[in-house]
Structure formats: C-alpha cells, structure tokens
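The lines below spell out each chain.
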Amino acid sequence: MNHSPPPVQLMWFRDDLRTADNPALTSALSAGPVIAVFILDEDSPGIRPLGGAAKWWLHQGLKSLQASLVELGIPLVLSKGSADEKIPALAKQTKAGAVHWNRRYGQPEREVDTQAKTALRDLGLEAHSYPGTLLHEPWELMTKNETGYKVFTPFYNALRDSTIRPPLPAPAAQDHVTESAIPSGLELEELELLPATMDWTAGLAERWEPGEVPARQRLEEVLESIAEDYPVHHDRPDLDGTSALSPALRWGHLGAHEMWDALGRLAAENPKAAEGATAMRRQLAWRDFCWHLYYHHPHLPERNLRAEFDHFDWAWPEDDPQTAGHVAAWQRGKTGFRLVDAGMQQLWQTGWMHNRVRMVAASLLVKNLQVHWKVGERWFWDTLVDADIACNTANWQWVAGSGADAAPYFRVFNPELQAKKFDPQGSYASRFAPVAAEPIVDLKQSRREALDAYEQMKLRGDAS
DNA sequence: AATAGATTGGT
DNA sequence: CCAATCTAT
C-alpha cells in the first residue's frame, strides 16, 4: 500500500474565533492536517477599518484562539494585507489541498471572499465556505413575496419556527503539523492592534476576558443565574441582568447555534427560566435580523432605509459650533443627564454599554440634539468592543426612526424618567457618572423641537 | 424597544 | 386628590 498523506488544509479565521461549533474548522480537520490563518485586512476596498476598542478585543481574542489551537495541534499564522492576495499566496506556499472558511455577509467582505475563491480555483485549489456565524443564511428566511424581511416580528416568527441546526462538538486534537510546513507569519504585536502611544485599555482589560473558554463560562453563568430573572432584570443597568455576551458573539468566541441550543434546552428543562430563555433567544434573533437587513440592503451603513429621512435637517458637528459642543459633551458623558452620562462613561471605560442605556443615550443625540445618527454610529463603532457593522448601523437607524422597522419618530426617551424606572437607586449613575453635570438641553423644549423638525421633514418631502 | 397631557373614575 | 386609562405625536 502506498498512501500519500492528505494535503494540508488552510482554515481561514475571520469573525469566528473559536474551535467548537465551527463548521469550517470541523470540515478542514476531517480533510487533513490543518494550518490556521488570520489576516488583518485594512487594504481591501470598502471594508471599514476596525475601531480602537474592537482592535483591542481582537488582539486578546487572537491570543486566546492561538492558545486553544495549540491544544489541538493547529498552528495559527498571522498576516496583514489584502486577503484575496494573501490567501492564495499562503495556499500555494503550503501546497494546501483546500482553504476553508465560514461566510461573511457584508458586500465588501463577500467581494474579497469571491475574489479569493476565484484566485484559488485558478491555481487549481479548492475553496469551501460554510454557514457558521448566523442562525440562518440571510437568504434562507424570506417572506411570501420572496423578499427579505423588513419587520422584526414576522422575521422572528419565521426563525423561531424554522429548524436550526444543533451546534457542532469541539474537535479532537490532530497530530502536530511538521514545523517546516508552517509558513512564517507575523507576531501578534506586529498586527499593531493595541494603541501605539497612550494606553487607554486598562478599563477594558479589567472588565473583559476575550476568548472561547471565558465566553462558554459566561454562557453557563447566564443559564444558571441570569436567565430566570432576565425578563425583569434585562432592563436594569444597575444589575448584572443581561448576558453581556455581545462581544463574544461579535468575535465568534461563542457560536450563535450553541447559545440558541443551550437556551432551548434550558427552557425545556427549567420552567422558571423558560420565559427568560425565550426572551434571550429573541435578542439573538435580533442579531440575525440586523445581518439579514444589511445583506438585503448593503447601503444600510450609508443611507436611510426610509428615504423620507433624507429630508430631515440633521445637525452635524462640523457645521456649527453648538452642535460640535453638544457632540463633544455627549461623547465625554457630560450632557447633564446622569443615566446617559453614566452610559457614555461605561462605554469609554469598558468598551460596552447596557442596551437600555444605549437606546436612551442614542435617543438624546438624535432626537433632543437632532444630530445625525451617523455621528453616534461612528462613535460607537470606535468605542464598542462588540461593534459590528450590521447591528451598529441597523440599531442606530432604529433609534433615529430611519430604519425599516424602526421606532416611530415620536418615541423620544426621557432620560430622567428612564433613570427612575431602570436605575431606581441611581447606583449605576453614581458608579459611572459620580459627578453631575449641568444639562446641555431643556428636555421638554428639545423634545417639542424634535417633533416639529419631524413635521418639517415630512412637509419638505411632500414638496419635493 | 415612549411620553405628555387629557380624561375618567374612584376615594 | 390620585391612579388608571386614553390619545396624539
């Protein structure tokens, strides 16, 4: 018998920094010895560069992934540049039999992946892509009119009633790949993901432990002690009431299928936690909904989904000094509304903000201050560790009222009332915004002005 | 994934 | 006088 050993398989990691429940990795391992690759791509056109907080998370996440992969005998090669060139080059260099990856759904990313696939095929190499990041491919759930969903509830009902594949088990270790077969890559530090000069990341490091193992630990904690109170506590920023798994889901340390499945089992096994588990599944579905919207509306980050909002007279910080002052105060958590200021401080310090507070803080910016949602979206993009392009832009458009299934414009949060309801003792406020600032707007008046501006927008729209 | 202001109906 | 309910935005 003269069996030649199977060729090396490249596993291209992107937004799926985990070993368990990873279809592309599982498939690669079944085909032959695996070399893993991560490419920091800041060169391909149209891909928005990561924000500062996200880069910090990615740095830690890659370190953690590398450790998990070592356990499996899989080397991780780091690289930087245009992925559609780097991937075929690495495949050629390693004489790989195939390259495996889990799909991405943004238009620029899909173009890169298609070009990589074409380049690989031209070299006579195989490329295999898998669904791994979302519960469903964005084109799988469609309305009866064969269009993408624009409204969350029908989308959720379809998702809930659909079959969602169970998570894949963690893979077994492989024999170590021969050292000489591993292409040389960059050191993690050479990706330059950490701040170059002033290190502002201490608060992030204190709050988070990026990686697959801590993410799974948190999921266990959520199932054991968060889910039961979730229906009441999820709106309470002063309590540990949410899953806080958004960054783990964003970077794929935790697979959405694993979480969906675990919540389903919890609901079946523990009647007291069933309601909370279902509510959490709804949140997970919201993430899929955002990507579904983005896939069917690739201009979501740039354009209002409701075109009538093109006629809204948004304020921009570069256009007038008052708006510049408003935006600066909002960013620094000096608006004078303690719930908002606490949220903005929490964001700045920890790279994350409680979702209830995100809505209130966003509402203040786009409604009371009439600042364009893109200004807030960009700030969140740079400061959130969980920022992803679909959820960030869809949710900002949701608050602004310009989204497909957005909050009606007249839904203006009153930050003082919201604080009374959801931070009743003010402990969240005093934790993150211990010093009260002077309010930068009159709530009553600015609310009226916002509603007037909306009426003006409609008049302008009718006239044109 | 609202709020303000008015109205109602109980004390 | 108040809390609950309705209604417009």
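An unreviewed UniProt entry lists chain A under the name Deoxyribodipyrimidine photo-lyase, with Glutamicibacter ectropisis as the source organism. Entered under Sequence similarities (unreviewed entry) in the UniProt record, the comment concerning chain A runs "Belongs to the DNA photolyase family."

J.: Any chance you could explain the side chain of Thr-201 here in plain terms?
T.: You can see Thr-201 is positioned in the loop between helix 5 (152–161) and helix 6 (202–207). Leaving out residues up to four positions away in the same chain, Thr-201 has contacts with Trp-56 and Pro-195.

J.: Explanation requested: the packing of aromatic side chains in the structure shown.
T.: The way to describe two aromatic rings as a pair is by their centre distance and the angle between their planes. This model, assessed by the stated rule, comprises 25 aromatic pairs. The structure contains a cluster of three or more aromatic residues connected by ring pairs, namely Tyr-149, Phe-152, Phe-155, Tyr-156, Trp-286 and Phe-289. Of note, Arg-207 hangs over the ring of Trp-352, and the distance from its end group to the ring centre comes to 5.9 Å. The ring of Tyr-156 carries Arg-282 above its face, with NZ or CZ at 4.9 Å from the centroid.

J.: Explain the pairing of strand 2 (residues 34–40) to me, please; I cannot follow it from the model alone.
T.: In summary, the side chains of a regular strand alternate between the two faces of the sheet. Counting buried positions over the seven residues of strand 2 gives seven, a clear majority of the element. The side-chain alternation of strand 2 yields two buried faces, one formed by Val-34, Ala-36, Phe-38 and Leu-40 and the other by Ile-35, Val-37 and Ile-39. As paired strands, strand 1 (residues 9–13) and strand 2 are joined by five bridges and run parallel to one another. Following the sheet pairing, Leu-10 is matched in strand 2 by Ile-35. As paired elements, strand 2 and strand 3 (residues 76–80) share five bridges and run parallel to each other. Note on strand 3: the bridge partner recorded for Leu-40 is Lys-80. For the handedness criterion, the β-α-β arrangement of strand 2, helix 2 (residues 52–71) and strand 3 is classed as right-handed.

Conventions adopted
Residues numbered from 1 in each chain as written. Chains lettered and ligands numbered in written order. Predicted model: local features only at pLDDT ≥ 70, side-chain atom pairs only at ≥ 80, totals over all residues. Heavy atoms only, no water. UniProt positions renumbered as here; feature names shortened; annotations may be inferred. Helix = DSSP H or I, 4+ residues; strand = E, 2+ residues; numbered from the N terminus. Contact = heavy atoms within 4.5 Å. Phe/Tyr/Trp six-rings, centres within 6.5 Å; stacked < 30°, edge-to-face > 60°. Lys NZ or Arg CZ within 6 Å of the ring centre and 35° of its normal. Buried < 20%, exposed > 50% of the residue type's maximum accessible area, 1.4 Å probe, protein only. Pairing = 2+ DSSP bridges. Right-handed = clockwise from strand over helix to strand, strands pointing away.

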